[in-house]
Amino acid sequence: MDWENARYLLVEQQIRPWNVLNPVILARVLNTRREDFVPADKKELAFVDVELPLAHGQLMLAPKVEARLLQEIDLKPTDKLLIAGPGAAYLIALAAGLCAQVVAVDADIEYVAFINAQLKAAGIKNARAEVGDALAPNGQAPFDAIIATASFDQAPASLLAQLANDGHLLAIIGEEPMMYATLYHQAGAVLEQKQVFDYNLPRMRVSTPVFEF
């Protein structure tokens, strides 16, 4: 397969039509080898517009969704990002080229080791996965940005509590069949929120208190 051309078509036929127009995000997609982050037996599906099943019950999000999440969270070069429930090393790899530091947390020891091996193979040094409860308080908080790669009925209070002032949390909120990627902004004592696009994901398999509006 012509992987370079496949990446170009991915951007032009899937990602741009899904309202991902930020040139920095598009350049990051073009320069990150998605095919290196999918399982070997699914390599030919690296650029297909579907969620790919991974080992340990994980899902690799559709490429247009990964790009859209990163566009909406609007990372700055100095930001520290937490990815709660990483889903795939590819999303971490994309984010690593957009901010200063990426920390991903997942409960599966073997899967975390697999993610870190992929990141090392790709030469990414400012991102790593850690074993733990993705919704538990993290000793590296506060974070400038948090992406949760699962759905919730309400915003997880434990993640909101880890935001720095002027920080953003992006999570899928709602009930099937209608869920929305919802962006929360911690502006001083005020927590702002807005729905940015509709998308359904499975629930995160961790119980936690929620922030009630």
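- In the annotation of an unreviewed UniProt entry, the protein chain is listed under the name Protein-L-isoaspartate O-methyltransferase and assigned to Deefgea salmonis.
- As recorded by UniProt, the Sequence similarities (unreviewed entry) comment attached to the protein chain reads in full: "Belongs to the methyltransferase superfamily. L-isoaspartyl/D-aspartyl protein methyltransferase family."

1. Regarding the sheet that holds strand β4 (residues 101-106)
So, point 1. Pairing is mixed in the open sheet, where seven strands are placed in the order β5-β4-β3-β6-β7-β8-β9. Two strands lie at the open edges of the sheet, namely β5 (127-131) and β9 (190-198), each paired on one side alone. Averaged over neighbouring strand pairs, the angle between their axes works out to 20° when direction is ignored.
So, point 2. Two elements, strand β8 (residues 178-187) and β9, share eight bridges in a ladder whose sense is antiparallel. Across the sheet, Leu183 pairs through a bridge with Lys194, a residue of β9.
So, point 3. The sheet contacts of helix α4 (residues 89-96) involve β3 (80-84), β4, β5 and β6 (143-152), and relative to β4 the element is tilted by about 160°.

2. Some details on the pairing of β6
For a regular strand, side chains alternate in direction, first toward one face of the sheet and then toward the other.
So, point 1. A large share of β6 lies buried, amounting to nine of its ten residues.
So, point 2. One ladder, built from four bridges, connects β3 with β6; its direction is parallel. Considered in β6, the bridge of Ala84 is made with Ala148.
So, point 3. Sheet topology note: the β6/strand β7 (residues 163-175) ladder contains six bridges and is parallel. Bridge pairing in β7 links Ile146 to Leu169.

3. A look at unusual backbone geometry
So, point 1. Note the cis peptide between Ala141 and Pro142, where omega equals 10°.
So, point 2. Along the polypeptide, Pro142 turns up in the loop between β5 and β6.
So, point 3. Of note, the phi angle at Asp166 is positive, near 70°, even though the residue is not glycine.
So, point 4. With respect to the helices and strands, the residue Asp166 is situated in strand β7.

4. Brief notes about the environment of Ala150
So, point 1. Among the structural elements, Ala150 can be located in strand β6.
So, point 2. In sequence terms Ala150 and Lys43 are 107 residues apart; their C-alpha atoms lie 24 Å from each other.
So, point 3. When near neighbours in sequence (up to four residues on either side) are disregarded, Ala150 contacts Ile172, Leu201, Pro202, Arg203 and Met204.

5. Some details on the pattern of salt bridges
So, point 1. Tallying each qualifying case throughout the model produces eleven salt bridges.
So, point 2. Here Asp41 makes a salt bridge to Lys42, at a shortest N to O gap of 3.7 Å.
So, point 3. As a salt-bridge pair, Arg203 and Glu175 come within 3.1 Å of each other at their nearest N and O atoms. Of this pair, Arg203 sits in the segment after β9 while Glu175 sits in strand β7, and the two are 28 residues apart along the sequence.
So, point 4. Taking relative accessible area as the criterion, Arg203 reaches 33% and is therefore assigned partly exposed.
So, point 5. Overlapping salt bridges bring together Glu4, Arg7, Arg33, Glu35 and Asp36 as one network.

6. A short note on the nonpolar core
Looking at soluble globular proteins, one finds that nonpolar side chains tend to be buried together.
So, point 1. Residues Leu70, Leu75, Leu81 and Val102 are the most contacted members of the largest nonpolar core, which totals 58 residues.
So, point 2. Ignoring anything within four residues of it in the chain, the contact list for Leu70 reads Ile25, Leu75, Leu91, Leu94, Ala95, Leu98 and Ile147.
So, point 3. Membership of the second largest hydrophobic core comes to 21 residues, among which are Ile146, Ala155, Tyr184 and Met204.

Calculation criteria
- What you see as residue numbers is a count from 1 along each chain, following the sequence as written.
- Residue-level local features of this predicted model are given only where pLDDT is at least 70; pairs of side-chain atoms are given and counted only at 80 or more, and the full residue set underlies all totals for whole chains, interfaces and linings.
- Only hydrogens and water are set aside; all other atoms, that is, all heavy atoms of the structure, feed into the side-chain values.
- UniProt positions are given in the numbering used here, feature names are shortened, and annotations may be inferred rather than shown by experiment.
- Strands were regarded as paired on the criterion that DSSP finds at least two bridges between them.
- Per the convention used, a helix needs a DSSP run of H or I reaching at least four residues, while a strand needs a run of E reaching at least two, with both numbered from the N terminus.
- To obtain an axis, a line is fitted to C-alpha atoms, over the contacting stretch when the element is a helix, and the angle between two such axes runs from 0 to 180 degrees between their N-to-C directions.
- For this analysis, residues touch if any pair of their heavy atoms sits within 4.5 Å.
- Buried residues are those whose accessible area, probed at 1.4 Å on protein chains only, stays under 20% of the maximum for their type, while exposed residues exceed 50% and partly exposed ones sit between those limits.
- The salt bridge criterion pairs a side-chain nitrogen of Lys or Arg with a carboxyl oxygen of Asp or Glu, the two atoms within 4 Å.
- In plain words, nonpolar cores are sets of buried Ala, Val, Leu, Ile, Met, Phe, Trp, Tyr and Cys residues tied together by side-chain atoms within 4.5 Å.

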